[in-house]
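Here's the letter readout for the chains.
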Amino acid sequence: VKGEHASENETAILLYIHGNLVKMENLPDEPGISQERLKHLKPANSPLDWNAKYPTHYAGDSSMATAEKGKKLFDESVKNLADLIKRIKEDKVSAELFEEFNSQAFESR
């Protein structure tokens, strides 16, 4: 469970950006495994989904997390975010679609 709360990835990123706050010696002995206690309700979602899956409030095995992994993940996230912001700023299609939608919505009234 690489992207969930207190997972290897999240712990690695925190080790990189605020390593002094991460207490690796306090990691649980067993990984957080999804209990899937609400799977009978799929595809519905519930505010209880996280607690139903992970009553211990952590997912996966963060014992393999390192600051070096965290730096790679952090740098990749920053790169992806910068790329997304650039594409949003350059986007011309969304404004045209917004204008098209509004003109159609208000012409029919």
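Up top you'll find the structure we're talking about.
A quick note: this is a predicted structure, and the numbers were derived from the prediction, not measured.

1. Some points on the overall build of the protein
Line of reasoning, step 1. From N to C terminus, the protein includes 4 helices and 0 strands.
Line of reasoning, step 2. Taken against the 2.2 N^0.38 rule, which gives 13 Å for 109 residues, the C-alpha radius of gyration of the protein at 21 Å runs more than 25% over that of a compact globule.
Line of reasoning, step 3. The proportion of buried residues among the 109 residues of the protein is 15%.

2. Some details on helix H1 (residues 8-18)
Line of reasoning, step 1. When we look at burial in H1, the residues that qualify are Glu8, Thr11, Ala12 and Leu15. Seen from one end, H1 has its buried residues packed into an arc of 100°, which puts them on one side.
Line of reasoning, step 2. Elements that come into contact with the buried residues of H1 comprise helix H3 (67-90).

3. Focus on the layout of surface pockets
Line of reasoning, step 1. Its boundaries defined by the atoms lining it, the largest pocket holds a volume of some 190 Å³.
Line of reasoning, step 2. What lines the largest pocket is a set of 13 residues, among which Ala6, Thr11, Val22, Leu27 and Ser62 lie closest to the centre.
Line of reasoning, step 3. Across the lining of the largest pocket, the residue classes tally to 7 nonpolar, 4 polar and 2 charged.

4. Looking at the environment of Asp75
Line of reasoning, step 1. The topology assignment puts Asp75 in helix H3.
Line of reasoning, step 2. For the pair Asp75 and Tyr58, spaced 17 residues apart in sequence, the C-alpha to C-alpha distance is 24 Å.
Line of reasoning, step 3. At 2.6 Å, the side chain of Asp75 forms a polar contact with the side chain of Lys71.

5. Structural notes on the pattern of salt bridges
Line of reasoning, step 1. Overall, the coordinates contain 5 salt bridges when judged by the stated rule.
Line of reasoning, step 2. One salt bridge in this structure joins Asp75 and Lys71, with 2.6 Å as the shortest N-O distance. Highlighted residues: Asp75 and Lys71, both in helix H3, separated by 4 residues, approximately one helical turn.
Line of reasoning, step 3. In this structure Lys71 comes out as partly exposed when scored by relative accessible area, which is 38%.
Line of reasoning, step 4. One salt bridge connects Asp83 with Arg87, and the closest N-O pair in it is separated by 3.0 Å. Here Asp83 and its partner Arg87 are both found in helix H3, 4 residues apart, which amounts to about one turn of the helix.
Line of reasoning, step 5. A relative accessible area of 37% places Asp83 in the partly exposed class.
Line of reasoning, step 6. Owing to a relative accessible area of 48%, Arg87 belongs among the partly exposed residues under this scheme.

Basis of the calculations
Residues numbered from 1 in each chain as written. Predicted model: local features only at pLDDT ≥ 70, side-chain atom pairs only at ≥ 80, totals over all residues. Heavy atoms only, no water. Helix = DSSP H or I, 4+ residues; strand = E, 2+ residues; numbered from the N terminus. Rg over C-alpha atoms; globule rule 2.2 N^0.38 Å. Buried < 20%, exposed > 50% of the residue type's maximum accessible area, 1.4 Å probe, protein only. Arc of directions from axis to C-beta. Contact = heavy atoms within 4.5 Å. 1 Å grid on protein atoms, 1.4 Å probe; cavity = no way out; pocket = protein on both sides within 12 Å on 5 of 7 lines; lining within 4 Å. Points joined across faces, edges and corners; volume = space filled by probe spheres on them. Nonpolar A, V, L, I, M, F, W, Y, C, P; charged D, E, K, R; others polar. Polar contact = N/O pair within 3.5 Å; in protein donor to acceptor, adjacent residues only side chain to side chain. Salt bridge = Lys/Arg side-chain N within 4 Å of Asp/Glu carboxyl O.

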